[in-house]
Amino acid sequence: DGILSPLTIVSGGVGQTTAQFEGTIASEHLPAAGETLHAFYGKAENMKTNYSGQIYYYEGQRQNANSDMSHLAEYDFMTASTTYSSTAANHHFSFSHIGSMMKFTLSGMGGKTVKKLTLSTYDYSNVFLKGTDFTTSASLDLGTEGSDGIAIENTGMLEAYLMVGATTKTAGKRLVLYVTTTDGKHYAALLTGAEIATGKIYTINATLTEYSLEGAGTESEPYKINTAGDLTRLAVMTNTGMMATQGKYFQLTADIDMAGEEAWVPIGTMFNTTMFRGTFSGGNGSGGNHSISNLPDKMTYIFAGLFGSLSGATIKNVTVNGEITMSGADKGVRAGGIAGQASGSTIEGCVSNCTININSTQEVRAGGIVGYSAFGSNNVKNCQNTGNVSSNMYSGGIIGSMGNNDKIESCTNSGSITSTDADNPAGGIIGRLYLPPTGTTFTMTNCTHSGSSPAQNTAGSIIGNYIIGQRLSGTDAFSTITITNSGGSTTITGSADEKVTGQWPEAAAAN
């Protein structure tokens, strides 16, 4: 057992198919006669045990020089087993490889000094094996500890080797292979994943091109989104962590048609470091919006829209057109024309003409502008939705589901908004509004709904369902909902007696 009782190799080596090991196995680790004896080969620090057996870690790989393979031995795990005999002087094993090797031969890196290679998904998929878990990427550090990476000759190529765990999850997945240079630039190529089988060597030949956008990313000189390819590049760079968007500015400079842009994915993932956190503007300079047309008609992502997930972002003056549909999903979905999910963000002057139709066995939050206000403190103002929104749970003309300290102002919806869940009726502006018992507020000002469903001025035509949780103890101020429109102001306050629920307008107020 390579963990509990390390043995010493006494014959055999590189290029040979047999080897002899010697050593003593502690008696308490031996099985009974006739039971199975397991053997493992690999660096002990990269193997761990749990109740179900061995766990193999493929992290922390470092290649010291171009074309060097010496680091692979620490991650080329092998296992074997045999029936134990207490009288046998020798035990014979036939080892099998656990993982596989990736060999990269990469053009486009001549004259550059590279410090890291990463193979990653960019559509929220966890496909690479990490112990018993899966993660979005596998990576290889280049150069010795503390060095400046590996310098590639002007006419040379980068040859790198990476050990990965066998998995079927990579099959058909969208992958990006990118290299980070010591000057902070990224060079990448888009790939389609295949199944990784045990004991195989996979050769990847690719030409890498610099992944960057025109501009400096400042308020005075924002990154420019000129084409559909630029928008896709922004998504890939954000979702893989190539680009940190916090504090960066982006300007849509033209109307963009996404038809045929096969590599497109929503911008920003569920992961904290890869949410979109910048400022994205689509103003056309004459008081109108630039538009993004033909968003994909079939989404496979849990966060669907132009942006997947926003955190502390500002999105303004963008118009989106297209279809966002998902049928028979078995995962929670947040879908909106502008963003699937948002927290602490401002969305202003945006228009969605998207048809949204989501059906899933899990929780769905679908809105014309934003699907889900995840952690509150969002400010949505002067936005308009004209598209029909339908889901099997929370559907809203502007927001599917929202809550803590959110504000929504001067927004209009003319789309038909429907929900197939009778317990969560659709709302012309908000599908579901939830506040905890104390300490939070929600305000809505001058928002209107003119769509055919829910019918105007009927119960829930603006807010399909609201809830303020019951305060069980304490003296903090109750949470409140304040709605102001041309007819005046309505305040709904929490209670210590029971949770406060309803629709707005209430049934009694229906015309």
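To be clear, the structure that these remarks concern was listed above.
Residues numbered from 1 in each chain as written. Predicted model: local features only at pLDDT ≥ 70, side-chain atom pairs only at ≥ 80, totals over all residues. Heavy atoms only, no water.

### A look at the overall build of the protein chain
Helix and strand counts for the protein chain stand at 1 helix and 49 strands. By its C-alpha atoms, the protein chain is 90 × 60 × 40 Å across when sized along the principal axes. For the protein chain, the residues scored as buried account for 47% of the 511 residues in total. Nonlocal contacts in the protein chain, meaning residues at least 24 apart in sequence, comprise 74% of its contacts between residues at least 6 apart. Split by element, the accessible area of the protein chain, about 22,400 Å² in all, is 44% carbon and sulfur. (Helix = DSSP H or I, 4+ residues; strand = E, 2+ residues; numbered from the N terminus. Buried < 20%, exposed > 50% of the residue type's maximum accessible area, 1.4 Å probe, protein only. Contact = heavy atoms within 4.5 Å. Areas by Shrake-Rupley, 256 points an atom, 1.4 Å probe, with all protein chains shown as cover.)

### Focus on the sheet that holds strand S43 (residues 430-435)
Taken in spatial order, the 7 strands of this open sheet run S26-S30-S34-S39-S43-S46-S49, and their pairing is mixed. Here the strands that pair on one side only, and so sit at the sheet edges, are strand S26 (307-311) and strand S49 (500-504). Here the strands of the sheet are splayed against their neighbours by 10° on average, with no regard to which way each runs. The pairing of strand S30 (residues 339-343) with strand S34 (residues 370-373) spans 3 bridges and is classified as parallel. Within S34, the residue paired with Ala 342 across the bridge is Ser 373. (Pairing = 2+ DSSP bridges. Axes fitted to C-alpha atoms, helices over the stretch in contact; angles between N-to-C directions.)

### Quick look at the state of the cysteines
In total, this model carries 0 disulfides according to the counting rule given. Cys 383 provides the cysteine sulfur closest to Cys 350, a residue in no disulfide bond, and the two sulfurs are 4.9 Å apart. By relative accessible area, Cys 350 is classed as buried at 0%. In this structure Cys 383 is a free cysteine whose sulfur lies 4.8 Å from that of Cys 411, the closest cysteine sulfur available. (Disulfide = S-S within 2.5 Å.)

### A short note on the packing of aromatic side chains
All chains considered together, the criterion is met by 10 aromatic pairs. Joined through ring pairs, the aromatic side chains of Tyr 223, Phe 250, Phe 276, Phe 280 and Phe 307 make up one cluster. The residue whose ring lies beneath Arg 365 is Tyr 372, and the NZ or CZ to ring-centre distance is 3.9 Å. (Phe/Tyr/Trp six-rings, centres within 6.5 Å; stacked < 30°, edge-to-face > 60°. Lys NZ or Arg CZ within 6 Å of the ring centre and 35° of its normal.)

### Describing the pairing of strand S10 (residues 113-121)
As defined by bridge partners, S10 adjoins strand S14 (residues 150-151) across 2 bridges and the pair is classed as antiparallel. The residue bridging Val 114 from the neighbouring strand is Ile 150, located in S14. Note that S10 and strand S16 (residues 174-181) share 7 bridges and pair antiparallel. Paired with Ser 120 across the strands is Val 176, a residue of S16. The pairing of S10 with strand S13 (residues 137-142) spans 5 bridges and is classified as antiparallel. Across the sheet, Leu 119 pairs through a bridge with Ala 138, a residue of S13.

### A short note on helix H1 (residues 228-240)
Under the 1.5 Å per step criterion, the end-to-end length of H1 is 19 Å for 13 residues, consistent within 8% with the ideal 18 Å. Here H1 has its buried residues at Ala 228, Asp 230, Leu 231, Thr 232, Leu 234, Ala 235, Val 236, Met 237, Thr 238, Asn 239 and Thr 240. (Expected span 1.5 Å × (residues − 1).)

### Focus: empty space enclosed by the protein
Under the criterion given, the structure shown has 1 cavity of 30 Å³ or more. What the largest cavity holds in volume is close to 30 Å³. Together, Ala 342, Ile 347, Val 370, Ser 373, Asn 378, Val 380, Ile 399 and Met 402 line the largest cavity. Grouping the amino acids of the lining of the largest cavity by side-chain chemistry returns 6 nonpolar, 2 polar and no charged. (1 Å grid on protein atoms, 1.4 Å probe; cavity = no way out; pocket = protein on both sides within 12 Å on 5 of 7 lines; lining within 4 Å. Points joined across faces, edges and corners; volume = space filled by probe spheres on them. Nonpolar A, V, L, I, M, F, W, Y, C, P; charged D, E, K, R; others polar.)

### Thoughts on the nonpolar core
If you look at the biggest cluster of nonpolar residues, it comprises 85 residues, and the most contacted ones within it are Phe 280, Ile 315, Ile 408 and Met 444. Top element by residues in this core is H1. It accounts for 6 residues. Discounting residues that sit within four places of it in the chain, Ile 315 has contacts with Phe 276, Phe 280, Phe 307, Leu 310, Ile 338, Thr 346, Ile 347, Glu 348 and Cys 350. (Core = buried A, V, L, I, M, F, W, Y, C linked by side-chain atoms within 4.5 Å.)

### Looking at the sheet that holds strand S25 (residues 303-304)
Two modes of strand pairing occur in sheets, parallel and antiparallel, and in both the strands are linked by backbone hydrogen bonds. Sheet architecture is open: 4 strands sit in the order S25-S29-S33-S38, paired in parallel fashion. The open sheet has two free edges, formed respectively by S25 and strand S38 (394-396), since each of these has just one partner strand. Bridge analysis of strand S29 (residues 333-336) against strand S33 (residues 364-367) gives 4 bridges, and the strand direction is parallel. The residue bridging Ala 335 from the neighbouring strand is Ala 366, located in S33.

### Re the pattern of salt bridges
Summed over the entire model, instances satisfying the criterion amount to 8 salt bridges. With a shortest N-O distance of 3.1 Å, Asp 230 and Arg 233 are connected by a salt bridge. With Asp 230 and Arg 233 both in helix H1 and 3 residues apart, this pair spans about one turn of that helix. Arg 334 serves as the salt-bridge partner of Glu 363, at 3.7 Å between the closest nitrogen and oxygen. Of this pair, Glu 363 sits in the loop between strand S32 (351-360) and S33 while Arg 334 is found in strand S29, placing the two residues 29 residues apart along the sequence. With relative accessibility at 28%, the residue Glu 363 sits in the partly exposed group. Among the charged side chains, a salt-bridge network with shared partners connects Arg 62, Asp 141 and Glu 145. (Salt bridge = Lys/Arg side-chain N within 4 Å of Asp/Glu carboxyl O.)

### Describing the side chain of Gln 341
Topologically, Gln 341 is positioned in strand S30. If we skip the residues at most four places from it in the chain, Gln 341 touches Phe 303, Gly 308, Ser 309, Leu 310, Arg 334, Val 370, Tyr 372 and Ala 374.

### Some thoughts on a nonpolar patch on the surface
A cluster of nonpolar side chains, namely Leu 7, Ile 9, Phe 21, Tyr 41 and Phe 95, defines an oily patch on the protein surface of about 400 Å² accessible area. The topology assignment puts Phe 95 in the loop between strand S7 (78-83) and strand S8 (96-97). By relative accessible area, Phe 95 is classed as partly exposed at 32%. (Patch = residues over 30% accessible without salt bridge, like charges linked within 9 Å, V, L, I, M, F, W, Y side chains within 5 Å.)

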